[in-house]
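An overview of the molecular structure
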Amino acid sequence: MAHSLVSPEVTALPKVTALPKVTALREALAALPGAVVAYSGGVDSSLLAYLAHQELGDRALAVTADSPSLARAELADAGAQAERLGMRYRVVRTQELDDERYTANGGDRCRFCKEALVSVLTAVAAEAGDWPVLLGVNTDDLGDHRPGQSAARRLGARFPMVDAGLSKADVREAARELGLPTSDKPASACLSSRLAYGVPVTREALRRIEDAEDALRRAGFGGRLRVRDQGGDLARIEVEAADIGRAAERAGEIVALLKDAGFRYVTLDLEPYRQGSHNAVLGLPRVRAS
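To keep things clear, this report deals only with the structure shown in the data block. Keep in mind that this is a model prediction, so the values were computed, not measured.

**Comments concerning the nonpolar core**
One finds Leu25, Leu29, Tyr39, Leu47, Met87 and Leu166 to be the most contacted residues of the largest nonpolar core, which totals 34 residues. Looking at this core, the element that brings in the most residues is helix H3 (residues 43-56), giving eight residues. Other than its neighbours up to four places away in sequence, Leu166 contacts Lys21, Val22, Leu25, Leu47, Asn138, Thr139, Met161 and Val171. Counting 28 residues, the second-largest nonpolar core is a separate cluster that includes Leu97, Phe112, Ala205 and Ala212.

Given below as structure tokens:
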């Protein structure tokens, strides 16, 4: 059930006015009858949800979709931030793991995830008053391999930050001006994105990845970090360039941690972390490093 949480310290922050694109976004949001915002707790969805909250008040509802592909730490952070920002907030369950097209983990896996997400959010929006469903997509996302975007648009979801022309850099600048705690948060895709295409998505595989990444963070490896499941019990670790040497020096410790998490073989990628590295097998342009 949705609930309202108020934090005077945050709601007293001034509105962002320095970026004309953000002003245009605010105006577009203010003109809506209400909004259901898909809210993961990342920088994009946090900015969109908070601006909707500022413009629409109780007619804005931030909704986090909870499924096995969402790390428990991410779910907890999203809820804590919603409380600090005073937003109306709700958690709903999605069942993409019941869809064999999703669990087969082909190159279009994200399509079926977004279909499940938007379907659930559309039902929430209908209950709230037939409000539109908003997704925190920015213009940089349009150039990446994201088959879920077309699926979301087909089901009626809107991308107001794209319509206002906000890039990722614009989003981070606006978040910093607002004082949002996510302004410098690294991108964090769903746990399923760690599985190489063709490796089935299962609850056990997702938990193994989550446990492995949590263990590495506790060991002092933060920032942009991924444990990629290459199939056959093989883990491929990606860390930032500055951490590759340190990870190699601590190889024995890292191998032990990942074996405890359930992997049998552990490798360290000599290329630093890059977004969507599994997409290389799809014949797409070289993935971005940030």
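**Points about the sheet that holds strand S8 (residues 265-268)**
Spatially, the three strands line up as an open sheet ordered S6-S7-S8, and their pairing is mixed. If you trace the sheet from one side to the other, it starts and ends with strand S6 (226-229) and S8, each paired once. For this sheet, the mean inter-axis angle between neighbouring strands, taken without regard to orientation, is 25°. With four bridges joining them, strand S7 (residues 234-238) and S8 adopt parallel strand pairing.

**Description of the environment of Gly156**
If you trace the backbone, Gly156 turns up in the loop between helix H7 (147-154) and helix H8 (160-163). Separated by 34 residues in the primary sequence, Gly156 and Thr122 place their C-alpha atoms 8.6 Å from one another.

**Re the pattern of salt bridges**
Under the definition given, this model contains 27 salt bridges. Close ionic contact of Glu55 with Arg26 constitutes a salt bridge, the shortest N to O distance being 2.7 Å. With a gap of 29 residues between them, Glu55 in helix H3 and Arg26 in helix H2 (residues 20-30) connect regions that are remote in the sequence. For Glu238, the salt bridge is made with Arg228, and the minimal N-O distance between the two is 3.2 Å. In this pair, Glu238 is assigned in strand S7 and Arg228 in strand S6, connecting sequence segments 10 residues apart.

**Quick word on the packing of H2 against H3**
Interaxial distance between H2 and H3 falls to 9 Å at its minimum, and their mutual angle equals 55°. For the element pair H2 / H3, the angle class is oblique. The handedness of the crossing between H2 and H3 is right-handed. Across the interface between the two elements, Val22, Leu25, Arg26, Leu29 and Ala30 from H2 touch Leu48, Leu51, Ala52, Gln54, Glu55 and Leu56 from H3. In the contact of H2 with H3, the residues fall into eight nonpolar, one polar and two charged.

**Description of the packing of helix H10 (residues 203-218) against helix H12 (residues 251-261)**
Where H10 contacts H12, the axes come no closer than 8 Å and their chain directions differ by 150°. Taken together, H10 and H12 sit at an angle that is classed as roughly antiparallel. Relative to H12, H10 is oriented so that their crossing is right-handed. Packed against H10, whose contacting residues are Arg208, Asp211, Ala212, Ala215 and Leu216, the element H12 presents Ile254, Leu257, Leu258 and Ala261 at the interface.

**Quick look at the side chain of Asp170**
In this fold, Asp170 is placed in helix H9 (residues 168-178). Within the structure, Asp170 has its side chain in polar contact with the side chain of Lys21 (distance 3.0 Å). Contacts of Asp170, omitting those with residues within four sequence positions, involve Leu19, Lys21 and Gly165.

**Topic: the packing of aromatic side chains**
Any aromatic ring pair is given by two values, namely how distant the centres are and how the planes are angled relative to each other. The full count for this structure, using the stated rule, is one aromatic pair. Over the aromatic face of Phe263 sits the side chain of Arg208, whose NZ or CZ is 4.1 Å from the ring centroid. The ring of Phe221 carries the charged tip of Arg246 above its face, separated from the ring centre by 4.2 Å.

**Observations regarding H2**
Burial in H2 covers these residues: Val22, Leu25, Arg26 and Leu29. In a view along the axis of H2, the buried residues occupy a sector of 100°, so they form one face of it. Exposed and facing more than 90 degrees away from the buried side of H2 are Pro20 and Glu27.

Conventions used here
- Residues numbered from 1 in each chain as written.
- Predicted model: local features only at pLDDT ≥ 70, side-chain atom pairs only at ≥ 80, totals over all residues.
- Heavy atoms only, no water.
- Core = buried A, V, L, I, M, F, W, Y, C linked by side-chain atoms within 4.5 Å.
- Buried < 20%, exposed > 50% of the residue type's maximum accessible area, 1.4 Å probe, protein only.
- Helix = DSSP H or I, 4+ residues; strand = E, 2+ residues; numbered from the N terminus.
- Contact = heavy atoms within 4.5 Å.
- Pairing = 2+ DSSP bridges.
- Axes fitted to C-alpha atoms, helices over the stretch in contact; angles between N-to-C directions.
- Salt bridge = Lys/Arg side-chain N within 4 Å of Asp/Glu carboxyl O.
- Parallel < 35°, antiparallel > 145°, perpendicular 65-115°, else oblique.
- Left-handed = near helix turned anticlockwise from the far one by under 90°.
- Nonpolar A, V, L, I, M, F, W, Y, C, P; charged D, E, K, R; others polar.
- Polar contact = N/O pair within 3.5 Å; in protein donor to acceptor, adjacent residues only side chain to side chain.
- Phe/Tyr/Trp six-rings, centres within 6.5 Å; stacked < 30°, edge-to-face > 60°.
- Lys NZ or Arg CZ within 6 Å of the ring centre and 35° of its normal.
- Arc of directions from axis to C-beta.

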